[in-house]
Amino acid sequence: MKAVVFSTQSFEKELLAKANNKKHEITLIANPLTLETAYFAEGKEVVIVSERDHLSEQVILELQKYGISYISNRTGETHHIDRQAVGRAKMKIAIVLSNDTTEIAKQTIKNLDNWQAGKCTGNACACANSCQKPKKDKR
């Protein structure tokens, strides 16, 4: 997958590179994601964000213009993301389930792996809309 990481901190670069192992095409940017920096997402499928990035409805709509389908969040919180706007845009969101920096990088890449394979991110899913297939009734 083609992804752009916003608000990249220096310590994250090596961790993400190791976790990725050249599977996905990832661009690292130190700038936070805003309306003014959303253009960096052009040509990508995924934006990878942190709590320093505020994804308002306007930002979500701008990302939609650039063809973004997925948002991978490098934290377990989604208070900085308008999840209803993400749902209306039919985008998927995944979070990380750890505070350990190495595990955050690994989970971020695992989320990309799952999406690339057409799978839900399981427990990391934070979608406003249900993206998991409904279970069949065993009557």
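Structure shown above.
Residues numbered from 1 in each chain as written. Predicted model: local features only at pLDDT ≥ 70, side-chain atom pairs only at ≥ 80, totals over all residues. Heavy atoms only, no water.

Draft legend 1. Expanded view of the overall build of the protein chain. If you tally the helices and strands in the protein chain, you get four helices and five strands. When the helices and strands of the protein chain are placed in sequence order, the string is β-α-β-β-α-β-α-β-α. Taken over C-alpha atoms, the radius of gyration comes to 14 Å for the protein chain, in line with the 14 Å a tight globule of 139 residues would show. Along the first, second and third principal axes, the C-alpha set of the protein chain runs to 55 × 30 × 25 Å. Taken over 139 residues, the protein chain has a buried fraction of 44%. As displayed, the protein chain has an accessible area near 7,900 Å², and 46% of this comes from carbon and sulfur atoms. Seen as two clouds, the 21 positive and the 16 negative side-chain charges of the protein chain have centres 9 Å apart. (Helix = DSSP H or I, 4+ residues; strand = E, 2+ residues; numbered from the N terminus. Rg over C-alpha atoms; globule rule 2.2 N^0.38 Å. Buried < 20%, exposed > 50% of the residue type's maximum accessible area, 1.4 Å probe, protein only. Areas by Shrake-Rupley, 256 points an atom, 1.4 Å probe, with all protein chains shown as cover. Lys, Arg positive; Asp, Glu negative; His and termini not counted. Charge placed at Lys NZ, Arg CZ, Asp CG, Glu CD.)

Draft legend 2. Local environment of the sheet that holds strand β5 (residues 92-94). Overall, parallel pairing links the five strands, which are arranged β2-β1-β3-β4-β5 in an open sheet. The sheet is open, and its two edges are formed by β2 (25-28) and β5, each paired on a single side. Along the sheet, successive strands turn relative to each other by an average axial angle of 20 degrees, direction set aside. The pairing of strand β3 (residues 46-49) with strand β4 (residues 70-73) spans four bridges and is parallel. Note on β4: the bridge partner recorded for Ile48 is Ser72. (Pairing = 2+ DSSP bridges. Axes fitted to C-alpha atoms, helices over the stretch in contact; angles between N-to-C directions.)

Draft legend 3. The pairing of β3, seen in detail. Covered by surrounding structure in β3 are Val46 and Ile48 together with Val47 and Val49, the residues of both alternating faces. For the handedness criterion, the β-α-β arrangement of β3, helix α2 (residues 57-65) and β4 is classed as right-handed. (Right-handed = clockwise from strand over helix to strand, strands pointing away.)

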